[in-house]
Amino acid sequence: MIAMRVLGALAFLTACAREATPAPAPAAPSPADALDQMDTRTAVPLLPMMANHQKQNMRDHLLAVQEIVAAVAADDFAAIEKAAGRIGYSQQMAQMCTHMGAGAPGFTEQALTFHRTADGIAAAARERNRGRVLVELGATLQTCTGCHAAWKQRVVDDPTWQRLTASAPPDPTGHH
Ligand code: HEC
């Protein structure tokens, strides 16, 4: 009986001893790093608040597209124009896109092209031209998918943001 206990304790101890000296595990990337390595798109560095803001804007862009499609189905040109206005070009929109793209050369240009293209939807709605609304909507969606194919968000801390944007070109809208 005692012998068995001793044996049991020994087995337990050796198991512990084995666990205490595990073979060095290969350095696995964190899940976030693993994803980042798979996603080969160019990174747009953003501070956490900007990244959140960008995603909020994006979800509203999709909502605007949803409203445009529903308004086209209802032949409601005023509603098409109103929804398209949310994704159209404005000085304020341009400033925001310039800020978002400050650490990613080329991003802002694509963003501004998107908003200018979306202006075509509102213009077609003012002409009450249903076919042209759809053509312009298609062209706009192409700017959405083109940008998504090229860029991914990268959330960075303040020192990194400062470093990456130190050499940013001046705001093309003339604002800061
Ligand atoms: C200039 C670039 C650009 C354009 C144009 C653009 N997006 Fe995005 N969008 C992004 C980026 C960058 C992300 C983040 C992608 C990532 O990190 O995976 C994003 C993410 C999104 C998301 C996900 C939001 C979330 O909550 O995660 C939606 C939805 C979206 N975009 C919709 C649209 C729609 C609809 C349009 C056009 C009407 C559009 N976007 C145009 C750059 C763009």
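Each remark here, short or long, concerns the structure printed above.
Reading the values: rules and limits
Residues numbered from 1 in each chain as written. Predicted model: local features only at pLDDT ≥ 70, side-chain atom pairs only at ≥ 80, totals over all residues. Heavy atoms only, no water. Core = buried A, V, L, I, M, F, W, Y, C linked by side-chain atoms within 4.5 Å. Buried < 20%, exposed > 50% of the residue type's maximum accessible area, 1.4 Å probe, protein only. Helix = DSSP H or I, 4+ residues; strand = E, 2+ residues; numbered from the N terminus. Contact = heavy atoms within 4.5 Å. Near = heavy atom within 4 Å. Polar contact = N/O pair within 3.5 Å; in protein donor to acceptor, adjacent residues only side chain to side chain. Disulfide = S-S within 2.5 Å. Donors = N, O, S within 2.8 Å, 3.2 Å for Na, K, Ca; no water. Tetrahedral: all angles 85-135°; square planar, octahedral: opposite > 155°, others 65-115°. Phe/Tyr/Trp six-rings, centres within 6.5 Å; stacked < 30°, edge-to-face > 60°. Lys NZ or Arg CZ within 6 Å of the ring centre and 35° of its normal. Axes fitted to C-alpha atoms, helices over the stretch in contact; angles between N-to-C directions. Parallel < 35°, antiparallel > 145°, perpendicular 65-115°, else oblique. Left-handed = near helix turned anticlockwise from the far one by under 90°. Nonpolar A, V, L, I, M, F, W, Y, C, P; charged D, E, K, R; others polar.

Focus on the nonpolar core
Inference 1: In terms of nonpolar packing, the biggest core is built from 19 residues, with Ile 68, Ile 80, Ile 87, Ile 121 and Val 133 touching the most fellow members.
Inference 2: Contributing elements (two or more residues each) for this core: helix 3 (48-73), helix 4 (77-87), helix 6 (107-126) and helix 7 (130-150).
Inference 3: Here the element with the most residues in this core is helix 6; it accounts for six residues.
Inference 4: Excluding residues within four positions of it along the chain, Ile 87 makes contact with His 61, Ala 64, Ile 68, Met 93, Phe 114, His 115, Ala 118, Ile 121 and Thr 140.
Inference 5: Membership of the second largest hydrophobic core comes to 13 residues, among which are Val 44, Leu 46, Ala 51 and Ala 104.

A word on the site of the ligand
Inference 1: The local shell around the ligand holds 18 residues, among which Met 58, Cys 144, Cys 147, His 148 and Gln 153 are the closest.
Inference 2: Side-chain polar atom of Arg 41 to an oxygen atom of the ligand: 2.9 Å apart, as the coordinates give it.
Inference 3: In this structure, a nitrogen atom belonging to the ligand sits 2.8 Å away from a side-chain N or O atom of His 148.
Inference 4: Counting only elements with at least two residues in the shell around the ligand, the list comes to helix 3, helix 6, helix 7 and strand 2 (151-155).
Inference 5: If you tally residues by element for the shell around the ligand, the top one is helix 3, at seven residues.

Things to note about the state of the cysteines
Inference 1: Overall, the coordinates contain zero disulfides when judged by the stated rule.
Inference 2: Free of any disulfide, Cys 97 has its nearest neighbouring cysteine sulfur in Cys 147, separated by 9.4 Å.
Inference 3: Note on Cys 97: relative accessible area 8%, which makes it buried.
Inference 4: On the basis of relative accessible area, Cys 147 is assigned to the buried category, the value being 14%.

Considerations on the coordination of the iron atom of the ligand
Where a metal carries four tetrahedral donors, each ideal angle is 109.5 degrees; where it carries six octahedral donors, the ideal angles are 90 or 180 degrees.
Inference 1: Taken together, Met 58 (SD) and His 148 (NE2) make up the protein donors of the iron atom of the ligand, found 2.0 to 2.2 Å from the metal.
Inference 2: With six donor atoms in place around the iron atom of the ligand and angles of 88 to 179° between them, the coordination shape is octahedral. In this pair, Met 58 is assigned in helix 3 and His 148 in helix 7, connecting sequence segments 90 residues apart.
Inference 3: Under the relative-accessibility criterion, His 148 is labelled partly exposed at 44%.

Remarks on the packing of aromatic side chains
Inference 1: In this structure the tally under the stated criterion is one aromatic pair.
Inference 2: Taking 5.5 Å as the distance between ring centres and 90° as the angle between the ring planes, the aromatic pair formed by Phe 107 and Trp 151 counts as edge-to-face. Taken together, the residues span a long stretch of sequence, with Phe 107 in helix 6 and Trp 151 in strand 2 at a distance of 44 residues.
Inference 3: Just above the ring of Tyr 89 sits the side chain of Arg 116; from NZ or CZ to the centre is 3.4 Å.

Some remarks on the packing of helix 4 against helix 6
Inference 1: Viewed as axis vectors pointing N to C, helix 4 and helix 6 meet at an angle of 165°, and their least axial separation amounts to 8 Å. Comparing the axis directions of helix 4 and helix 6 gives the class roughly antiparallel. Helix 4 and helix 6 meet at a crossing whose hand is left-handed. Counted together, Phe 77, Ile 80, Glu 81, Ala 84 and Ile 87 of helix 4 and Phe 114, His 115, Ala 118, Ile 121, Ala 122, Ala 125 and Arg 126 of helix 6 form the full contact between these two elements.
Inference 2: For the contact of helix 4 with helix 6, the residue count by class is nine nonpolar, one polar and two charged.

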